[in-house]
Amino acid sequence: MSRPDWIVIGSGVIGLSAAWALAQAGQRVAVVEAGRIGEGTSPKAAGMLLPEVESVHHPELAPMARESLAMYPSWVKTLEELTGQDVGYGPIGCLALSEEASFAKTWPGLAQVPFADLSRVQSGLSSDLAGCYLPEGAQVDPPRLMAALAAACRTVGVSLRENAPVTEIRRVADRWLGITAGGERLVGGHYLLATGAWTANLTPELDVDLGIFPVKGQMAELTAPHDALGAILFGPGVYLSQKNDGRVLLGATSERVGFDLTVSEEAVADLVRRASRLLAAVADWTIQRTWAGLRPGRDGLPVIEAISQNALAAVGHYRNGILLAPLTASRLTELAEQIA
Ligand code: GLY
């Protein structure tokens, strides 16, 4: 590609969603990725789209989370039609659960419903639970979503370059002149920083600290009977989400331990224990595999803004990169028009 209009740094759900949107808006876009395209944190996520749950302790997140969820059906439809790939999107609802005595503290602001109503959604729940049913809760299947986004990018002519970590950002005053990625000097008209948790490592190259830190999440995939879950189950320090192919994702720890991706048996056993307190049957399900991902943590809302005359940043989506992707891509295309 001759000089791209945009160089997107990072190929997570934010980078690829933005690259696709910018290319659809007529821009020539190149993506550079330190590892493999779309294989960083995003496909390791649970793919739950739960504005109400995720904003219980962060009310400032609620408006953008709800707006992005509302964009999901048409965003997914366009993506699936373009690529012919199913991303496992479905509004399946969520039960926010805890022991009766701690419900109000665990889920402030959520309205408790009678246990019989919970049981209608999910059989086999522990009888000492209290809960709230959130029918608007939805999900996608993150590996499928990432595969489709990469395919969409290719279809609309985005150039995808992997194994190209950024080691230098050349600047004059408030303007980026170019970057070095994978040892190659690249020049674009504009730049988008979508580097997730790894933004923390780029801080010396940026002239601004965006306040990003990695937050490790350990997870497991369980084999369960098909239709074992009637909704996403979300309890204190644990959630369970069953995908269309039947696999159940069990998550997740939340640990500030730097760039550590090790998985411990104790952490996974603790997740299984917490999940079994919600639904005893979980103890009988087989653990297929385990992994850890690094959320791009930030105190406060994500940064979606200009960080120089010709560079935007979209980082710090913390627990909600997948949920916030459609809204972020849309805001970025608006910002891109403003700095064009
Ligand atoms: N969005 C769920 C998590 O980050 O664990």
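Residues numbered from 1 in each chain as written. Predicted model: local features only at pLDDT ≥ 70, side-chain atom pairs only at ≥ 80, totals over all residues. Heavy atoms only, no water.

### Some thoughts on the overall build of the protein
Condition: Going along the chain from the N terminus, every DSSP run of H or I of four or more residues is numbered as a helix, and every run of E of two or more is numbered as a strand. Radius of gyration here is computed from C-alpha atoms only, and the compact-globule reference equals 2.2 Å multiplied by the residue count raised to the power 0.38. Think of it in three bands: residues with accessible area under 20% of the maximum for their type are buried, residues over 50% are exposed, and the middle band is partly exposed, with areas taken using a 1.4 Å probe on protein chains only.
For the protein, the count of helices and strands is nine helices and 19 strands. Computed over the C-alpha atoms, the radius of gyration of the protein is 20 Å, within 12% of the 20 Å expected from 2.2 N^0.38 for a compact globule of 340 residues. Considering only C-alpha atoms, the protein reaches an extent of 65 × 40 × 35 Å along its principal axes. In the protein, which comprises 340 residues, the proportion classed as buried is 54%.

### Side note on unusual backbone geometry
Backbone geometry places Asn 163, a non-glycine residue, at a positive phi of 55°. Within the element layout of this structure, Asn 163 appears in the loop between β8 (159-161) and β9 (166-172). At Asp 227, a position not held by glycine, the phi torsion is positive, near 60°. As for its position among the elements, Asp 227 is in the loop between β13 (213-223) and β14 (232-235).

### Thoughts on empty space enclosed by the protein
The line we're drawing: Every definition here rests on a 1 Å grid over the protein atoms only: cavities are sets of points where a 1.4 Å probe fits but cannot get out, pockets are open sets enclosed by protein on both sides within 12 Å along at least five of seven lines, and lining residues have some atom within 4 Å of a point. Grid points are joined across faces, edges and corners, and a volume is the space filled by probe spheres set on the points. Polarity classes work like this: nonpolar for Ala, Val, Leu, Ile, Met, Phe, Trp, Tyr, Cys and Pro, charged for Asp, Glu, Lys and Arg, and polar for all others, with Gly in that last group.
In this structure the tally under the stated criterion is one cavity of 30 Å³ or more. Of the voids in this model, the largest cavity is the one considered here, and its volume is about 40 Å³. In terms of lining residues, the largest cavity is bounded by Pro 43, Ala 45, Pro 142, Pro 143, Arg 247, Leu 249, Arg 289 and Trp 291. Taken together, the residues of the lining of the largest cavity sort by class into six nonpolar, no polar and two charged.

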